[in-house]
Amino acid sequence: MPNSASDGVPCDLAVVGAGPAGLAAAVTAADLGLRVALLDAGERPGGQYYRRPAPALGAARPEVLHHDWAAFASREAALRAHASAGRITHLPLHHVWTVVPAGAELLLHAVAGPEEEAVAVRARAVLLATGAFERNLPFPGWTLPGVIGAGGAQAMLKGGLVLPGRRIVVAGSGPLLLAVAGSLAAAGATVPAVVEAAAYTAYAGRLPALLRNPGKLGEAATYGGALLRHGIRLLTRHAVTEAHGSDRVEAVTVARLDRQWRPVPGTARRVPCDAVAVGHGLVPQLELATGLGCATRLGADGAVALEVDARQRTSVPGVWSAGETGGIGGARLALVEGEIAAHTIAGRAAPAVLVRRRARLRAFAGAMGAAHRPGAGWPGWLREDTEVCRCEEVPAGRIREAVRDLGARDARTVKLLTRAGMGWCQGRMCGPAVAALAGRDPDPDRRPLSCPVPLRRLAELPAEES
Amino acid sequence: MLRGPARSPRDLVGGAPRATYVLRFDGRELPASAGQSIAAALWGAGVLAWRTTRENGAPRGVFCGIGSCHDCLVTVNGRPNRRACLTPARPGDTVTTQEGTGRAELGV
Ligand code: FES
């Protein structure tokens, strides 16, 4: 039992999250001479993007499931070297649940491992690299077993080497769908179609951003090649508007969409399948940041992200952000931002080459986010009885009633009137959809705790912090 | 980089698990590999649902796959409300479909 819970392990920089951004930042900061603590909820570094099978699964070639593996492998090796030299304290399986100011420093509280030990870390600077989770828009039948998040399908494949079925429709919006379809097919699934709600012609108006990113074009070509090789059809401006089945999904209805993402009448057809992997992009995970009072902004993709300056600083002194917390931009941007943050935390100017690369990758991310931002007409595929909140089983009709008849104007009021967003996931799954039904842009995440914490750990906190 | 086509995820990544186990699920014996979560072991055996909801009694299983949605709650060795996607499968585990809150025996 660490009695240091209120003092905290001291370091110069505490990094939360060991995905691409956090890993790159920790390694670079240690290269520059800082004492670093790297706290991560995962067992091994890599985050969701570089999720790997557990060693006991004995995968001989885990890298075949990944893009840009070398970029990760070199940093993971550097992490190991720094950790054995004592420059980085790597704390895996640590869930940071709050960060509080402590004099001139910041104190991070975490629960560690299956026994949920209390651990605290004290740092001059904190870098939030907590990444993102998937945005999901509901549709009739989306709670049937076999309908899973596209990112979830990817995570189960990369981490557990399993598939949810043999014939898997991939649907939603965003470039992740192409990667997911490619990996599912490579792992032996049949993918009858990738159903993409946006039109890729939306990129046409963004040609400059595309042309400045030849790497991204190459990536697109890789995905495109994988689709061709596996005979996967890409249907753009289409959506899965219903999943059918009783105990599990047996088929989906696919319909054409207009520019607003409204289903076009008369275009529906049925596609048999035994699983659906669906996702509508990613949303930054911000609880720790909003708990600290960091300023947010609405991104081109319609999601709330942290306001970050040229040095990757948030609006709160001592708190930096890198990667998806500052807006969804992909792993390469996350690596660059992590390195820039590390330089500025060490009190140096970031190398110009990194700054240029960040500008280029951000321009591309902005174009991509705008192209895939959900159209205003998507609630057109909801029926009154379609569950929107999966945890509390709240149907669209009840939410519409709260808005129409009871005057709810935001997700918070809808939540109080209907319980949507009050369940286990605390609105992580339904938040964007509820906000859209309330006719509002999403609010910044505000959850008092960023992960489940045993009550006894809360009770141990010194009174002045709570 | 993606290769393919393979017949299964295992073919794709090659190698072999360090050990295999038996997992009991609702009276059936299912195979599991060391290193898999309970959710992965169930998927591997073709099982997609292991919970029914509190209101409608509807079947549920994995949705997010990473511990955020809580759709995959299950009873493991008598303990309800374990997230199957995060809980490692261990030799001899008994997994049972969780109905409602998983606390029916408490009568609440
Ligand atoms: S599948 Fe979402 S918590 Fe397990």
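Residues numbered from 1 in each chain as written. Chains lettered and ligands numbered in written order. Predicted model: local features only at pLDDT ≥ 70, side-chain atom pairs only at ≥ 80, totals over all residues. Heavy atoms only, no water.

Our next topic: the overall build of chain B. Secondary structure assignment for chain B yields two helices and eight strands. Reading chain B from its N terminus to its C terminus gives the helix and strand order α-β-β-α-β-β-β-β-β-β. Looking at chain B residue by residue over its 108 residues, the buried ones come to 48%. Taking all contacts inside chain B whose residues are at least 6 apart in sequence as the whole, residues at least 24 apart take part in 36%. Surface summary for chain B: the accessible area is close to 5,000 Å², and the carbon and sulfur share equals 49%. (Helix = DSSP H or I, 4+ residues; strand = E, 2+ residues; numbered from the N terminus. Buried < 20%, exposed > 50% of the residue type's maximum accessible area, 1.4 Å probe, protein only. Contact = heavy atoms within 4.5 Å. Areas by Shrake-Rupley, 256 points an atom, 1.4 Å probe, with all protein chains shown as cover.)

Between chain B and chain A, the contact holds 48 residues from the first and 58 residues from the second. Between chain B and chain A the total buried area reaches about 4,500 Å² when both faces are included, carbon and sulfur atoms providing 61% of it. Taken together, the links from chain B to chain A amount to three salt bridges. A salt bridge links Arg54(B) to Glu392(A); the nearest nitrogen and oxygen atoms lie 3.2 Å apart. The interface formed by chain B and chain A contains 21 residue pairs in polar contact (both at pLDDT 80 or more). Residue assignment for the side of chain B that touches chain A shows that the elements contributing at least two residues are α1 (9-13), α2 (38-44), β4 (59-60) and β6 (79-83) of chain B. Take the side of chain B that touches chain A: its biggest share by element is five residues, from α1(B). Of the residues assigned to the side of chain B that touches chain A, the class counts are 22 nonpolar, 15 polar and eleven charged. (Buried area = accessible area lost by both parts, 1.4 Å probe. Salt bridge = Lys/Arg side-chain N within 4 Å of Asp/Glu carboxyl O. Polar contact = N/O pair within 3.5 Å; in protein donor to acceptor, adjacent residues only side chain to side chain. Nonpolar A, V, L, I, M, F, W, Y, C, P; charged D, E, K, R; others polar.)

All names here are of chain B. If you trace the three strands from one edge of the open sheet to the other, you get β4-β3-β8, paired in mixed fashion. Looking along the sheet, the strands with just one partner apiece sit at the ends: β4 and β8 (98-99). Sheet analysis places strand β3 (residues 51-52) next to β8, joined by two bridges and oriented parallel. What sits directly across from Thr52, in β8, is Glu99. (Pairing = 2+ DSSP bridges.)

Here Thr53(B) lies in the loop between β3 and β4. Given the relative accessible area of 4%, Thr53(B) is considered buried. For Thr53(B), the side chain forms a polar contact with the side chain of Glu393(A), separated by 2.8 Å. When neighbours within four sequence positions are excluded, Thr53(B) is seen to be in contact with Glu393(A), Ala58(B), Arg60(B) and Gly100(B).

The next point concerns the pairing of strand β3 (residues 88-91) of chain A. Residues and elements named next belong to chain A. When strand β2 (residues 36-39) meets β3, the two strands line up parallel, connected through four bridges. Residue pairing across strands places Val36 opposite Ile88, the latter belonging to β3. For the segment spanning β2, helix α2 (residues 69-84) and β3, crossover handedness is right-handed. (Right-handed = clockwise from strand over helix to strand, strands pointing away.)

Within a regular strand, side chains alternate between the sheet's two faces. All names here are of chain B. In the sheet, strand β1 (residues 20-25) pairs with strand β2 (residues 28-33) via six bridges, with the strands oriented antiparallel. Each bridged residue has a counterpart across the sheet, and for Val22 the counterpart in β2 is Pro31. As consecutive antiparallel partners, β1 and β2 are separated by two residues, and within that stretch Asp26 has a phi angle of approximately 50 degrees, a positive value. Of the pairings in the sheet, the one linking β1 to strand β7 (residues 94-96) comprises two bridges and is parallel in character. Across the sheet, the residue bridging to Arg24 is Thr94, located in β7.

Residues and elements named next belong to chain B. Judged by pairing direction, the sheet is mixed, and its five strands sit side by side in the order β2-β1-β7-β5-β6 without closing on themselves. What marks the edges here is a single partner per strand, and that holds for β2 and β6. On average, adjacent strands in this sheet sit at an angle of 40 degrees to one another, irrespective of strand direction. (Axes fitted to C-alpha atoms, helices over the stretch in contact; angles between N-to-C directions.)

Residue and element names in this part refer to chain A. Orientation of helix α3 (residues 150-160) relative to helix α4 (residues 176-186), taken along the N-to-C sense of each, is 35 degrees, at an axis distance of 10 Å. The two elements α3 and α4 cross, and the hand of that crossing is left-handed. Along the contact surface, α3 presents Ala150, Gly151, Ala153, Gln154 and Leu157, while α4 presents Leu176, Leu177, Ala179, Val180, Ser183 and Leu184. (Left-handed = near helix turned anticlockwise from the far one by under 90°.)

Moving on to empty space enclosed by the protein. Tallied over the full model, the rule gives two cavities of 30 Å³ or more. By volume, the largest cavity amounts to about 50 Å³. For the largest cavity, the full set of lining residues is Thr143(A), Leu144(A), Pro145(A), Gly146(A), Val147(A), Ile148(A), Arg390(A), Trp43(B), Leu48(B), Arg60(B), Gly61(B) and Val62(B). Taken as a whole, the second largest cavity encloses approximately 40 Å³ of empty space. Put simply, the parts of the chain that give the lining of the second largest cavity at least two residues each are β9 (168-173), β12 (238-244) and β15 (275-280) of chain A. Each residue belonging to the lining of the second largest cavity can be placed in one class, and the counts come to six nonpolar, two polar and no charged. (1 Å grid on protein atoms, 1.4 Å probe; cavity = no way out; pocket = protein on both sides within 12 Å on 5 of 7 lines; lining within 4 Å. Points joined across faces, edges and corners; volume = space filled by probe spheres on them.)

Turning next to α2(A). Residues and elements named next belong to chain A. With 16 residues, α2 should reach 22 Å at 1.5 Å per residue; the first-to-last C-alpha distance of 23 Å fits that figure. Taken together, the buried positions of α2 are occupied by Ala71, Phe72, Arg75, Glu76, Leu79 and His82. The buried residues of α2 occupy one face: seen down the axis, they fall within an arc of 125 degrees. α2 presents Ala70, Arg80 and Ser84 as exposed residues on the side facing more than 90 degrees away from its buried surface. Those residues of α2 that are buried lie in contact with α1 (20-31), β2, β3 and α8 (331-345). Downstream of α2 by one or two residues, Gly86 has phi in the positive range, about 80 degrees. (Expected span 1.5 Å × (residues − 1). Arc of directions from axis to C-beta.)

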